[in-house]
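Each chain is listed here by its residues.
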Amino acid sequence: MDRQFQHSMLPQATHDELARQNFVKSLKLHIVKNLSPGNKRVYEQVVKPQFEREHQRSPQNRHEIRTAMQGHPHYRWWSALRRINQEMLWDAVNTSVERQLPELIERAKQSDRQLGTLTLDPDFKIPAYQTAVDIHCMPGSYHSEYTTDDLAAGATYDRGVYIYGAGWLGPLNDDMGLSIVKNYLKPKYPDFRPAKILDLGCSVGHSTLPYVDAYPEAEVYAIDIGAPMLRYAHARAEALGKRVHFSQQNAERTHFEAASFDLVVSHILLHEIPLPAIRNVMRECDRLLAPGGMTIHVEAPLYSHMDAFSAFIYDWETANNNEPFWSAMRELDLTAVMTEAGFAADRVIQTFVPNGAWKTAADNSQQGGGSRGSWFIVAATK
């Protein structure tokens, strides 16, 4: 059942469009549940023993495992289906968005709410590392514009992320921000009352909005490089009754004054940018935070958190899904990066935060109880 929250900016699918989107989602689930486990069996029963016979040792890292696995038919079929499924996802959603794009643009302009603001920069230069590739195969990536006041990238992303994750980020795709608020900030820092909050690389504001609800007295700002993402993010936030100040800026160096924020966050931003940019972002966080302020960056686990085979499976994103910075980021010593940026080592934290904060008791009961897993975070206080 499709449980995505039907706010007024969400593109609406026809019967046939929805059927195709549901097929893409069901194929993704089939790949994950029925085909993915076979990779481990093939590795342990066929590929690893063969490697050990040839080399008199076991594979030592994900690179050796990938080289050994690439020739096996099961892995090749699984990998091809994953890539095809990803391309089908965007095609299925784009068909729906393109059909109603003029209406969505007009709806964004005619919003009767003006809670927050939107500031775009006509002279903004998109970083070359973003224009060089369509991230995770999304056509045009986050930044491309094809018509006046274009917001197609945002609408595509909003619907596409829900289908890609089969709804596991919740009806509003907001589990990252919601879980950080409910499962980390509120229980660990109950007296923390940030007056100004900044979300870096906000895309369409999925993860931004939980901070609006959690800290109603705070001014909430959010930045991204993509104008079509931000147009949609602003209209979406207004439609949901949330006050956010969106602006087109590069998180490596913003226009905000030094020491002007109490909380600076990002949600799966780091793996979308190269290592020099990550270091710049951390330095910018240090510059932006007021004394006593906090920065929190949400990601999936690093390679140091998993065995070599799991790292190999994870590394598929870099090799096959247009995620060029995925693996390099997951090899980083993020504590060292934070200390180099100016944070004291004893104020840097790496930990895991339970996800699934959007779920109700009924959701947990239907899914066997508990949350799906955990978000990895690196955090620091000023």
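Residues numbered from 1 in each chain as written. Predicted model: local features only at pLDDT ≥ 70, side-chain atom pairs only at ≥ 80, totals over all residues. Heavy atoms only, no water.

(A) Highlighting the overall build of the protein. Broken down by element type, the protein carries 14 helices and eight strands. Its C-alpha atoms give the protein a radius of gyration of 21 Å, within 12% of the compact-globule value 21 Å for 382 residues. The C-alpha extent of the protein, read off along each of the three principal axes, is 65 × 55 × 45 Å. By residue count, 54% of the 382 residues in the protein fall in the buried class. Here the protein has roughly 16800 Å² of accessible surface; of this, 51% comes from carbon and sulfur atoms. Taking the average place of the 39 positive charges on the side chains of the protein and the average place of its 45 negative ones, the gap between the two points comes to 5 Å. (Helix = DSSP H or I, 4+ residues; strand = E, 2+ residues; numbered from the N terminus. Rg over C-alpha atoms; globule rule 2.2 N^0.38 Å. Buried < 20%, exposed > 50% of the residue type's maximum accessible area, 1.4 Å probe, protein only. Areas by Shrake-Rupley, 256 points an atom, 1.4 Å probe, with all protein chains shown as cover. Lys, Arg positive; Asp, Glu negative; His and termini not counted. Charge placed at Lys NZ, Arg CZ, Asp CG, Glu CD.)

(B) Highlighting the side chain of threonine 156. As for its placement among the helices and strands, threonine 156 is situated in helix 5 (residues 152-164). Overall, the relative accessible area of 2% leaves threonine 156 in the buried class.

(C) Broad picture of the packing of aromatic side chains. Applying the stated criterion across every chain, the model contains 15 aromatic pairs. Residues tryptophan 78 and tryptophan 316 carry aromatic rings whose centres are separated by 6.0 Å and whose planes lie at 65° to one another, so their mutual orientation is edge-to-face. Of the two residues, tryptophan 78 sits in helix 3 (residues 73-109) while tryptophan 316 sits in helix 11 (residues 316-320), which places them 238 residues apart along the sequence. The same class applies to tryptophan 78 as to tryptophan 316, namely buried. (Phe/Tyr/Trp six-rings, centres within 6.5 Å; stacked < 30°, edge-to-face > 60°.)

(D) Focus on the pattern of salt bridges. In this structure the tally under the stated criterion is 20 salt bridges. Between aspartate 158 and arginine 236 there is a salt bridge, with its nearest N and O atoms 3.4 Å apart. One end of the pair, aspartate 158, is in helix 5; the other, arginine 236, is in helix 8 (residues 227-239), and 78 residues separate them in sequence. Arginine 236 matches aspartate 158 in its accessibility class, with the two residues each being buried. Note that arginine 279 and glutamate 340 form a salt bridge whose closest N and O atoms lie 4.0 Å from each other. Here arginine 279, found in helix 9 (residues 275-288), pairs with glutamate 340, found in helix 13 (residues 334-341); they are 61 residues apart in sequence, far enough to count as distant. Residue class for arginine 279 comes out partly exposed when judged on its relative accessible area of 31%. Judged by its relative accessible area of 56%, glutamate 340 is exposed. One continuous salt-bridge network, built from bridges that share partners, spans Arg62, Arg66, Asp315 and Glu331. (Salt bridge = Lys/Arg side-chain N within 4 Å of Asp/Glu carboxyl O.)

(E) Focus on the pairing of strand 8 (residues 374-381). Here strand 8 lies mainly inside the structure; six of its eight residues are buried. Note: strand 6 (residues 289-299) against strand 8, six bridges, orientation antiparallel. Within the sheet, the bridge partner assigned to threonine 295 lies in strand 8 and is alanine 380. Here strand 7 (residues 348-354) pairs with strand 8 via seven bridges, running antiparallel. Among the inter-strand pairings, proline 354 is bridged to a residue of strand 8, identified as serine 374. (Pairing = 2+ DSSP bridges.)

(F) Just the side chain of serine 144, in detail. Its location among the elements puts serine 144 in the loop between helix 4 (128-131) and helix 5. Within the structure, serine 144 has its side chain in polar contact with the backbone oxygen of glycine 140 (distance 2.8 Å). Those residues in contact with serine 144 that sit more than four places away from it in its chain are Asp150 and Pro228. (Polar contact = N/O pair within 3.5 Å; in protein donor to acceptor, adjacent residues only side chain to side chain. Contact = heavy atoms within 4.5 Å.)

(G) Molecular detail of the nonpolar core. If you look at the biggest cluster of nonpolar residues, it comprises 58 residues, and the most contacted ones within it are Ile180, Leu185, Tyr211, Phe246, Leu263, Ile296 and Ile377. For this core, the leading source of residues is helix 3, giving eight residues. Sequence-distant contacts of isoleucine 296, defined by excluding residues within four places in its chain, comprise Ile180, Tyr184, Leu185, Leu263, Val264, Val265, Ser266, Ile377, Val378 and Ala379. In this structure, Phe256, Leu288, Val378 and Ala380 belong to the second largest nonpolar core, which totals 32 residues. (Core = buried A, V, L, I, M, F, W, Y, C linked by side-chain atoms within 4.5 Å.)

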